[in-house]
Each structure stands twice: as C-alpha cells, then as structure tokens.
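Inside the fold
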There are 2 protein chains.
Amino acid sequence: MAGHIERVARASVKEQIVEAAVETLHQKGFNGATVQDITSAAKVPKGSFSNHFDSKEALAVEALDLYWNRTLNSVNILHEEAAPPLDRLRRYFRHLAGVAERQEFRAGCLIGNMATEMSDQSRAVRERLAVLLAAWTRAIESTVREAQAEGSLRRDLEAKTIAAFLLNAWEGAVMRAKVDRDATSLVSFEDVVFITLTT
Amino acid sequence: MAGHIERVARASVKEQIVEAAVETLHQKGFNGATVQDITSAAKVPKGSFSNHFDSKEALAVEALDLYWNRTLNSVNILHEEAAPPLDRLRRYFRHLAGVAERQEFRAGCLIGNMATEMSDQSRAVRERLAVLLAAWTRAIESTVREAQAEGSLRRDLEAKTIAAFLLNAWEGAVMRAKVDRDATSLVSFEDVVFITLTT
C-alpha cells in the first residue's frame, strides 16, 4: 500500500515536471530554459528531475507528446462530421489562430520552435518531431481528402501533398506572427489558402 | 598611421567575429552557442568580443545582417529582367532549395531559426528580424507584381499578400525539411505554389 502511494506520488511529480516543461520550453526554448527553471515552475525539488528523466532531451520529448495530445484535442475540429469538410478545415486553422492571438503571438508553436532549434542538436527530439508532424499531417489529410471527394477542394494535387503544404505553411505563418506580433500572416494564410485551393 | 593600421586590424577582428557568428549561430542556435564558441570559431581571443560588441544580442543582429546581405545576393535572381517573372520566382526558390540540400537540410534558415528561438527573448533581435522579413517580402512582391501584370500569376489576391504568404510558407517548408532531413516539403512547396497561384 505504501508502495502504491509512493508510485502515485512519483507519477504526480513526473507529471508536474512535464506540465511545467511544456510551459517553460514554449516560453524560453530548449537551451534558454534550465532544468532549474523547469523544476522551479513545477514547484518540485531540482533533484526530483533525475528521478524521472535521463536527460533534458528525454523530458523535451515527453513535453512534446503532452503538447501534441492537447493540440490533438483541437484536431477533433477537423473530424466533426456534422460540418462540411472545408468548413472544418477553416474552423480548425481559425481555432489555432485564436490560440496564437491569446498568447499575443509571442510563444509560437512549441513543435515549430523545437523543430528549428533542436532538429540538428538532438536526434531524439528530431525523431519525435518527425513522428508528430507526420501524425498532424495525416489528421489534416483525411479532411482534405473528404473535401476533394465532395468537390470543394481542388483535385489536381494529392491530398497528402496539400495537407503537408497546409501544415508547413501554417507553421511558417506562426513564425512570422511571432516576429511581427500581429495576426497579418495568419490572416494571409487563410486568405491565400481558401482562395487558391478551393474550386 | 599606426592608428589607421590599428583601426583596420580592429575592423578585421570584428568582421571575423561576425562571420564566425553566422556559422555558429546557424549551427547551434543563439542559446546553444556561447561567446567562447564564436570567438574560437573566429580564431580570436575571447576578450576581443567585448571590444566590439555590447552583448551577444548585438552580435546576433549583425550576424543576421550579414546573412541577409548574402541571401540578398540570391534575391537578385528575382530581378534578372531577361527571364519571365514566373520563371524567376521558380528559379529563386529552387536556388534556396539547393542551398538547403547542400547543408543536408540540417541548418535550416538562420532568419527562421532566430525568429522562433529569439523573437520573444530579445527585442533587438525581433525588431531586426521584422525589418529583414519585410525587406525580403518586398523583394518577392515586386516579381509577383510583374507576373500579375503579364497575366501569368492570379490577380484575385494582392501582390503583397501573395509575397508574404510565399515567404512564410517557404520558411515553414524549410523547418519541415530540417525535421524530416529530406527535400519532400520543399518539392511540395514548389508543386502547390506553382499549380495554385499561376493562371
């Protein structure tokens, strides 16, 4: 019983650290954030870090997973079958734009931030990013395919190509919004995409 | 005369540091690179850094300017008036794709890397990035406008909107190439852009 309680407590400290890592890495970047910054934000002793993680990279991978699972919740917007697929695509990117706006465009996307900062520094981080971006692309692709099937989206490009292009162009727009601290690039993304890809 | 020689020598050390900063910041990121990393790469004493720069941020701003001036050389591809404007746009992005490929997609774009890592950390870096991205957008915009005027590019979107979209989408594609370590995202960029924006 004591062992059980201990395991629950340990799991909870670990979760607190991963939660805090999402926030701290998103704000400061991987190299800009120390383990101390993260354990302070988690309100746990610095020493508890090494009880749960082999390295800061290993923590970053878990932080990316948690961030993705939250992002994935909004991916559900893409698959609410009551609405036409093109409306769902538009609503999805508007939802992401709203998230960016509530952060005053300062934080950008944790996945995009880690992609540019860490892909050439950490194999573990890069490989997880590749998996997450591939999953994200597939989530968009299925809605693109539906829109193509009903004839609202152009069919002279493969659904997979359009989906990856949309995701990458979105990440680039979020990057630009972070520099300009305004929504111009996100509005342009919507304008260009929904004029040029629809039929 | 001695003063003149000393000024030349000082300018040269400064230039060496900025040159090395472009390479080192591009490889390791702002927070991943120490001043020591940069002065070692420049083969100058560490102490010479503070003779020339008030801060690592100030050096990063100068490194971005040097990177931009080199990138600007390739922006000339956009304005070689012998070729039709649409060909110049295509050739320009193919040139950038070739640069990325020669680095095995590892480094990404220094401007994009600094944008995601430093926009919320350093006002000086963010403001310089905004200026450079605006200038880059204008360079693309003038060729987009020419292509619209001759009727090869769609006119139902403003040249400025298309140009900013192209640049941001390109930066997102370079980010994805850095994660996937292949040219897929850059090829998709060209495919989608030149099919959907042309008339």
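Quick look at the structure, then. (Residues numbered from 1 in each chain as written. Chains lettered and ligands numbered in written order. Predicted model: local features only at pLDDT ≥ 70, side-chain atom pairs only at ≥ 80, totals over all residues. Heavy atoms only, no water.)

**A short note on the overall build of chain A**
From N to C terminus, chain A includes nine helices and zero strands. Counted from the first residue to the last, chain A has its helices and strands arranged as α-α-α-α-α-α-α-α-α. Expressed along its principal axes, the backbone C-alpha trace of chain A runs to roughly 60 × 40 × 30 Å. Classification of the 199 residues of chain A by burial places 53% in the buried group. Contacts in chain A between residues far apart in sequence, at least 24 positions, make up 65% of those at least 6 positions apart. About 8,800 Å² of surface is accessible on chain A, with carbon and sulfur atoms providing 49% of the total. (Helix = DSSP H or I, 4+ residues; strand = E, 2+ residues; numbered from the N terminus. Buried < 20%, exposed > 50% of the residue type's maximum accessible area, 1.4 Å probe, protein only. Contact = heavy atoms within 4.5 Å. Areas by Shrake-Rupley, 256 points an atom, 1.4 Å probe, with all protein chains shown as cover.)

**Observations concerning the packing of helix α6 (residues 110-118) of chain B against helix α7 (residues 123-149) of chain B**
Residue and element names in this part refer to chain B. Where α6 contacts α7, the two axes come as close as 10 Å, and the packing angle between them is 140°. Regarding the angle of α6 to α7, the classification is oblique. Of the two elements, α6 crosses α7, and the hand of that crossing is left-handed. Residues Ile-111, Met-114, Ala-115 and Met-118 of α6 form the contact with α7, whose participating residues are Val-125, Leu-129, Leu-132, Leu-133 and Trp-136. (Axes fitted to C-alpha atoms, helices over the stretch in contact; angles between N-to-C directions. Parallel < 35°, antiparallel > 145°, perpendicular 65-115°, else oblique. Left-handed = near helix turned anticlockwise from the far one by under 90°.)

**Concerning the side chain of Thr137(A)**
On the secondary structure map, Thr137(A) appears in helix α7 (residues 123-150). Only 2.9 Å separates the side chain of Thr137(A) from the side chain of Arg176(B), close enough to count as a polar contact. In this structure Thr137(A) touches Lys160(A), Ala163(A), Ala164(A), Leu167(A) and Arg176(B), once residues within four positions along its chain are discounted. (Polar contact = N/O pair within 3.5 Å; in protein donor to acceptor, adjacent residues only side chain to side chain.)

**Some points on the nonpolar core**
Judged by nonpolar contacts, the single largest core of 137 residues is most densely connected at Trp136(A) and Trp136(B). Contact partners of Trp136(A), with chain neighbours within four places excluded, come to Trp68(A), Thr71(A), Val75(A), Tyr92(A), Leu96(A), Cys109(A), Ile111(A), Leu167(A) and Glu171(A). (Core = buried A, V, L, I, M, F, W, Y, C linked by side-chain atoms within 4.5 Å.)

**Observations concerning the pattern of salt bridges**
If you walk through the whole model with that rule in mind, you get 30 salt bridges over all chains. Two residues, Arg154(B) and Asp156(B), come together in a salt bridge whose shortest N-O distance is 2.7 Å. Residue Asp156(B) is classed as partly exposed on the basis of its relative accessible area of 45%. A single salt-bridge network, built from bridges that share partners, covers Glu104(A), Arg106(A), Arg181(A) and Asp120(B). (Salt bridge = Lys/Arg side-chain N within 4 Å of Asp/Glu carboxyl O.)

**Notes on the environment of Gln148(A)**
Residues and elements named next belong to chain A. Its place among the elements puts Gln-148 in helix α7. Taking relative accessible area as the criterion, Gln-148 reaches 10% and is therefore assigned buried. The spacing of Gln-148 and Thr-199 is 51 residues in sequence and 9.4 Å in space, taken between C-alpha atoms. Beyond its immediate sequence surroundings of up to four residues, Gln-148 is in contact with Leu-153, Arg-154, Arg-155, Leu-157, Glu-158, Ala-159 and Ile-162. Within polar-contact distance, the side chain of Gln-148 engages the backbone oxygen of Arg-154 at 2.9 Å.

**Details of the packing of aromatic side chains**
Pairs of aromatic rings are described using the distance from one ring centre to the other and the angle between the two planes. Tallied over the full model, the rule gives 15 aromatic pairs over all chains. Counting every residue linked through ring pairs, the aromatic cluster contains Tyr92(A), Phe93(A), Phe165(A), Trp170(A), Phe189(A), Tyr92(B), Phe93(B), Phe165(B), Trp170(B) and Phe189(B). When the ring centre of Phe30(B) is taken as reference, the NZ or CZ atom of Lys56(B) above it lies at 4.4 Å. (Phe/Tyr/Trp six-rings, centres within 6.5 Å; stacked < 30°, edge-to-face > 60°. Lys NZ or Arg CZ within 6 Å of the ring centre and 35° of its normal.)

**What to know about helix α2 (residues 35-42) of chain A**
For an α-helix, 3.6 residues make a turn, and residues three or four places apart therefore share a direction. All names here are of chain A. If you check which residues of α2 are buried, you get Val-35, Ile-38, Thr-39 and Ala-42. Each buried residue of α2 sits inside an arc of 95° when the element is viewed along its axis, so together they form one side. Note on α2: the residue one or two positions beyond its end, Lys-43, has a positive phi of about 55°. (Arc of directions from axis to C-beta.)

**Remarks on the interface of chain B and chain A**
Opposite the 46 residues of chain B that make contact, chain A presents 46 residues. Here chain B and chain A share an interface that buries about 4,000 Å² over both sides, 61% of which is from carbon and sulfur atoms. If you sort the residues of chain B by the area they bury against chain A, Phe165(B), Arg176(B) and Val179(B) come out on top, with a joint share of 17%. Linking chain B to chain A there are four salt bridges. For Asp120(A), the salt bridge is made with Arg181(B), and the minimal N-O distance between the two is 3.3 Å. One can count 17 residue pairs in polar contact (both at pLDDT 80 or more) joining chain B with chain A. A per-element tally of the side of chain B that touches chain A places helix α8 (residues 159-180) of chain B first, with 14 residues. A per-class count over the side of chain B that touches chain A returns 18 nonpolar, 15 polar and 13 charged. (Buried area = accessible area lost by both parts, 1.4 Å probe. Nonpolar A, V, L, I, M, F, W, Y, C, P; charged D, E, K, R; others polar.)

**Side note on the relation of the copies chain B and chain A**
Between chain B and chain A, which share one sequence, the superposing operator has a rotation angle of 180° and an axial displacement of 0.0 Å; the RMSD is 0.0 Å. Such values leave the two copies arranged in the relation of a two-fold axis. A share of 100% of the interface residues of chain B reappears at the interface of chain A, consistent with the copies meeting face to face through the same patch. (Least-squares fit on C-alpha atoms with pLDDT ≥ 70 in both.)

**Comments concerning the environment of Pro84(A)**
Residues and elements named next belong to chain A. As for its placement among the helices and strands, Pro-84 is situated in the loop between α4 (56-75) and α5 (85-102). Take Pro-84: its relative accessible area is 39%, and that puts it in the partly exposed class. Residues Pro-84 and Glu-150, spaced 66 residues apart in sequence, show a C-alpha to C-alpha distance of 9.0 Å.

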